[in-house]
Amino acid sequence: MKNLMFSILAALFISPLGTSAQSENITLTVPDFKGFFIVNGDMVNLRRLPNVNSGKLMQWYSDGGSFDTYAQIFYADTEAGKYRPNARTGAYIEPYQAFNDQYLPLNPEQTEPQNGWYNVIATAIHFQDSPGKANSKPAWIKGTLGYIADVTTDGRIRNISIPINPNLDDQSAKECGKLRRASTGMRRQSGDYKDLGMFCDIDNNWASVCFPIFAGNFLYVAGMQMEIKVDGTQQQPVFIETRTVRENDMQYQEATITVNNPNGIEQAIENHLMTCSDEEFSKITKWVFKNDKVPTNNVFFISSDGRKHMMFYEADELSGFETKTYTLAELNKQYAAMSGSQASGNARTTDNSEVFKATDEQPEFVGGQTALFNYLSNNVVYPTVAIQNNIQGRVVVSFIIEKDGSVSNVKLEYGVDPLLDAEALRVVKAMPSWTPGKINGKPVRTLYALPITFRL
């Protein structure tokens, strides 16, 4: 057991977000699109009609850079008269040109090409927080200038792997073991943010916290970084602080997370994120979900050819086209339904064989999270060969908690190495009975996942 740290991140296996008072205030605006045209090349022109002779799509900028600047897009051959730069406004005009790797949503009303051209949605860029002034238009792009990515609807998005550190790309995250399946992770245990799913990653003196949020067939990943400090005089084991810093006429935000013990920092922070007060936890959510909105700068989906895609968009740029707005609580219900859960409010019924991924009352290890951590710490044996070969990582084991609280159907969901995988499976199979999950006050069979981190 020497030099061994276990990170116990108890979580319901599928549902990463839960109903809470606070989550009702956090919203996400989603474009109602089923596919995208991905541009290959820079300075690509868009046209009003599917040919090279029709008018180009243009952008008119209102006043050349002042606080009220905004962009309006128009067709050069039919709408140019509406947008005339003059000395008073300082406005200017330039072509609307797509750039390499840009994701242009396919027009839902016309997804099939005409003469090799695709109808896409072009969105204007808004400036200085001027929503409502931005606009969107359908336009045509040559099929030879990119390719189509259709969004899958088979639920594979829940198994997507994402970097849990915002500073890493997929390859870097994979190389250093910071790539995780989005539907796993730890969850808040109580309060207004109960069941909010998240990951925590410790890298030197920085803690990264990320939230995977599912909306239909899309995955939104939001997160932040906090500098880790150690203060032995601090009474609380962990304390979060966010503040505005002014320096040399500049202003920026910074966040710190201070611990009072230099040993076991990762476990202390993870436990704090799961169990701290709503007031303390909201220091993070207010930072991540600015203005009570889910950011859209990291949006993932799977295309019909099995490839993973990452894009971004700004919800305020989608005026005039189909969008849907959800609260986090609504997104949780949608994802539970997508995953095959029977969750549908108080009207749920159960039978003896049905297995649930979301319940009214979550199953719990007898004695709570502390008792679960103690059980694993006292029973997991780090394989000697794994220690000798410096093998580390996080193993995720799923299992069913039966109506009587016993553990069954133990399976490996995310493995690291056969040695660590086998040890995690052994300990979970030997677990004592849990307090079962309940629906309408009655015990039900519940699917659960337990990530266990082996670290030297």
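Residues numbered from 1 in each chain as written. Predicted model: local features only at pLDDT ≥ 70, side-chain atom pairs only at ≥ 80, totals over all residues. Heavy atoms only, no water.

S.K.: Got a minute to help me understand the sheet that holds strand 7 (residues 71-75) in this structure?
M.R.: Sheet strands associate in pairs through backbone hydrogen bonding, adopting either a parallel or an antiparallel arrangement. Strand order in the open sheet formed by three strands is 7-6-8, and the pairing between neighbours is antiparallel. The open sheet is flanked by strand 7 and strand 8 (92-95), the only strands paired with a single partner. With strand direction ignored, the average angle separating the axes of adjacent strands in the sheet is 30°. (Pairing = 2+ DSSP bridges. Helix = DSSP H or I, 4+ residues; strand = E, 2+ residues; numbered from the N terminus. Axes fitted to C-alpha atoms, helices over the stretch in contact; angles between N-to-C directions.)

S.K.: Got a minute to help me understand unusual backbone geometry in this structure?
M.R.: For residues that are not glycine, phi is negative in most cases, and the peptide bond is trans in most cases. Of note, the phi angle at N291 is positive, near 60°, even though the residue is not glycine. Checked against the element boundaries, N291 lands in the loop between helix 3 (278-288) and strand 22 (299-302). Located in the positive-phi region is D292, a residue other than glycine, with phi close to 60°. Mapped onto the secondary structure, D292 falls in the loop between helix 3 and strand 22. You can call D292 partly exposed: its relative accessible area is 40%. (Buried < 20%, exposed > 50% of the residue type's maximum accessible area, 1.4 Å probe, protein only.)

S.K.: Would you take a moment to explain helix 3 for this structure?
M.R.: Count 3.6 residues to each turn of an α-helix, and residues three or four apart come out pointing the same way. Considered for burial, the residues of helix 3 that qualify are E280, F281, S282, I284, T285, W287 and V288. On its buried side, helix 3 packs onto strand 17 (197-203), strand 18 (206-215), strand 19 (218-230), strand 20 (238-247), strand 21 (250-259) and helix 2 (265-275). (Contact = heavy atoms within 4.5 Å.)

S.K.: I keep staring at the confidence of the model for the protein and nothing clicks. Help me out?
M.R.: Should the pLDDT be low somewhere, the predicted coordinates at that spot are not to be read in detail. Chain-level pLDDT for the protein is 80 on average; 83% of the residues reach the 70-or-more range. Here strand 2 (residues 11-12) is the element of the protein with the lowest mean pLDDT, 30, and strand 4 (residues 35-39) is the one with the highest, 93. Taken together, the stretch residues 1-21 has pLDDT below 50 and engages in 110 contacts with residues farther than four places along the chain or on a different chain. (pLDDT = per-residue confidence, 0-100.)

S.K.: I tried to follow the pattern of salt bridges on my own but got confused; where do I start?
M.R.: A side chain of one charge can pair with a side chain of the opposite charge when the charged atoms of the two come close. Here the structure, examined in full by the defined rule, presents ten salt bridges. Residue R243 is joined to E241 by a salt bridge in which the shortest nitrogen-to-oxygen separation is 3.2 Å. Taking relative accessible area as the criterion, R243 reaches 22% and is therefore assigned partly exposed. The salt bridge involving E423 is made with R426; its shortest N-O contact spans 2.6 Å. On the criterion of helical spacing, the pair formed by E423 and R426 is a turn pair, its members being three residues apart in helix 7 (residues 418-429). (Salt bridge = Lys/Arg side-chain N within 4 Å of Asp/Glu carboxyl O.)

S.K.: Please explain the pairing of strand 4 as it appears in this structure.
M.R.: It is a general feature of regular strands that their side chains alternate between the two faces of the sheet. Counting buried positions over the five residues of strand 4 gives five, a clear majority of the element. Here five bridges tie strand 4 to strand 13 (residues 146-150), and the two strands are oriented antiparallel to one another. Directly across from V39, in strand 13, lies its bridge partner G146.

S.K.: Mind showing me how you'd approach the environment of K283 here?
M.R.: Mapping K283 onto the fold places it in helix 3. Classification of K283 by relative accessible area gives partly exposed; the value is 21%. For K283 and T242, which are 41 residues apart along the polypeptide, the C-alpha to C-alpha distance reads 6.6 Å. Each residue touching K283, except ones within four places of it in the same chain, is listed here: F239, I240 and T242. Among the polar contacts made by the side chain of K283, one reaches the side chain of E280 at a distance of 3.1 Å. (Polar contact = N/O pair within 3.5 Å; in protein donor to acceptor, adjacent residues only side chain to side chain.)

S.K.: What should I look at first to understand the sheet that holds strand 13 in this one?
M.R.: The strand order 10-4-13 describes an open sheet built from three strands, whose pairing is antiparallel. At either end of the open sheet lies a strand with only one pairing partner, and these are strand 10 (103-105) and strand 13. Pairwise comparison of adjacent strand axes, ignoring direction, gives a mean angle of 30° for this sheet. In this structure, strand 4 lies alongside strand 10, joined through three bridges in antiparallel fashion.

S.K.: Just checking my understanding: could you explain the packing of aromatic side chains for this structure?
M.R.: Think of a pair of aromatic rings as described by two things: how far the centres are apart, and how the planes are tilted against each other in angle. Summed over the entire model, instances satisfying the criterion amount to 18 aromatic pairs. Their ring planes at 70° and their centres at 6.3 Å tell us that F36 and Y103 sit as a pair that is edge-to-face. Note that F36 is positioned in strand 4 and Y103 in strand 10, a separation of 67 residues in sequence. Among the residues examined, F36 registers a relative accessible area of 2% and is labelled buried. Taking the relative accessible area as the measure of exposure, Y103 reaches 19% and is therefore buried. Chaining the aromatic ring pairs together yields one cluster made of F365, Y375, F399, W434 and Y448. (Phe/Tyr/Trp six-rings, centres within 6.5 Å; stacked < 30°, edge-to-face > 60°.)

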